[in-house]
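The primary structure of each chain is shown beneath.
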Amino acid sequence: PFLTFSQTNVSGQISSNTIWDVPGSPYIVTNNVLVNSGVILTIDPGVVVKFDSGTNLQIDGELIAIGTENNRIEFTSNQINPSAGDWGAIKFTPSASDAVFDTDNNYLSGSILKYTDISYGGGSSSSLLAAVNIDGSHPYIENNLIRESNSFGIYAVNLGSGTWYDQKIIFNHNIIFDNKKT
């Protein structure tokens, strides 16, 4: 029997709903990827996303990256010997779809990072030097491991001027360590 390994190179705009699944994994981000407004990128459990130097995943639409406790999604460097700052960031822009919750704060829809491992990012000057950048949007961030960023593990700005419960990011059970800034 022969083992075969697939690899999918990705870059440019994602302009229709797209799923990155295990058969196409690893996904190699060879140049910046932009998820257009109104478009959903779904990343399945077990998928590995590797970033070439200085590249970013920018979310103007919706990112659904939900791994499981035993089958996590990995965002990492595409270098043979990875180090902090090898790639840019996962960026949620003001037009990214906010997470939606019911009255008991259960996730219903919208941008989410859950059960992911994010390592060796924070290297692009356009990424605000964090592995995960949240600018004016409100994704759901839970059960992630964010490590080895060249600067901050996560950075959030422009979250709104309303009351705190109208402008929230639910951020639960994450582990953020070995980043250059805290």
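Up top is the structure these notes are about.
We now turn to the structure provided with this report. Each chain has its residues counted from 1, following the order in which its sequence is written. Thresholds applied to this predicted model are a pLDDT of at least 70 for local features of residues and 80 or more for the giving and counting of side-chain atom pairs; totals over whole chains, interfaces and linings are not thresholded and use all residues. Side-chain calculation: all heavy atoms of the structure are included, whereas hydrogens and water are not.

### Quick word on the environment of G136
1) Next: Secondary structure elements are defined from DSSP: runs of H or I of at least 4 residues count as helices, runs of E of at least 2 residues count as strands, and each element is numbered from the N terminus. Relative to the elements of secondary structure, G136 occurs in the loop between β14 (130-135) and β15 (140-142).
2) Next: Sequence spacing of G136 and A96 is 40 residues, and the spatial spacing of their C-alpha atoms is 8.5 Å.
3) Next: Contacts between residues were defined by any pair of non-hydrogen atoms, one from each residue, lying within 4.5 Å. If we skip the residues at most four places from it in the chain, G136 touches P94, V157 and N158.

### A word on the nonpolar core
1) Next: Residues belong to a common nonpolar core when they are buried Ala, Val, Leu, Ile, Met, Phe, Trp, Tyr or Cys residues joined through side-chain atoms within 4.5 Å. Burial status follows relative accessibility: with a 1.4 Å probe on protein chains alone, a residue under 20% of its type maximum counts as buried, one over 50% as exposed, and anything between as partly exposed. If you look at the biggest cluster of nonpolar residues, it comprises 31 residues, and the most contacted ones within it are I43, V49, L63, F75, F92, L113 and I118.
2) Next: No other element matches the 4 residues that strand β3 (residues 27-35) contributes to this core.
3) Next: Excluding anything up to four places from it in sequence, L113 contacts L63, A65, F75, F92, I118, V132, Y140, I141, E142 and N144.
4) Next: Of all hydrophobic cores here, the second largest spans 6 residues; its members include I64, F101, I112 and Y140.

### Let's talk about the sheet that holds strand β12 (residues 112-114)
1) Next: We call two strands paired when DSSP finds no fewer than two bridges between them. Taken in spatial order, the 6 strands make up an open sheet running β2-β4-β7-β12-β15-β18, and their pairing is parallel. Two strands bound the open sheet, and with one partner strand each, they are β2 (18-20) and β18 (171-172).
2) Next: Across 3 bridges, the pairing between strand β7 (residues 62-66) and β12 is parallel. Within β12, the residue paired with I64 across the bridge is I112.

### Brief notes about the pattern of salt bridges
1) Next: The term salt bridge refers to a side-chain nitrogen of Lys or Arg lying within 4 Å of a carboxyl oxygen of Asp or Glu. Summed over the entire model, instances satisfying the criterion amount to 2 salt bridges.
2) Next: For D117, the salt bridge is made with R72, and the minimal N-O distance between the two is 2.7 Å. With D117 in strand β13 (residues 116-119) and R72 in the loop between β7 and β8 (73-77), the pair connects residues that are 45 residues apart, well separated along the chain.
3) Next: A salt bridge links E142 to K114; its shortest N-O distance comes to 3.4 Å. Of this pair, E142 sits in strand β15 while K114 sits in strand β12; the two residues are 28 residues apart in sequence, bridging distant segments of the chain.
4) Next: Exposure remark for E142: the relative accessible area of 10% places this residue in the buried category.
5) Next: Looking at K114, the relative accessible area reads 22%, which means it is partly exposed.

In short, shape yes, function no, at least from these values alone.
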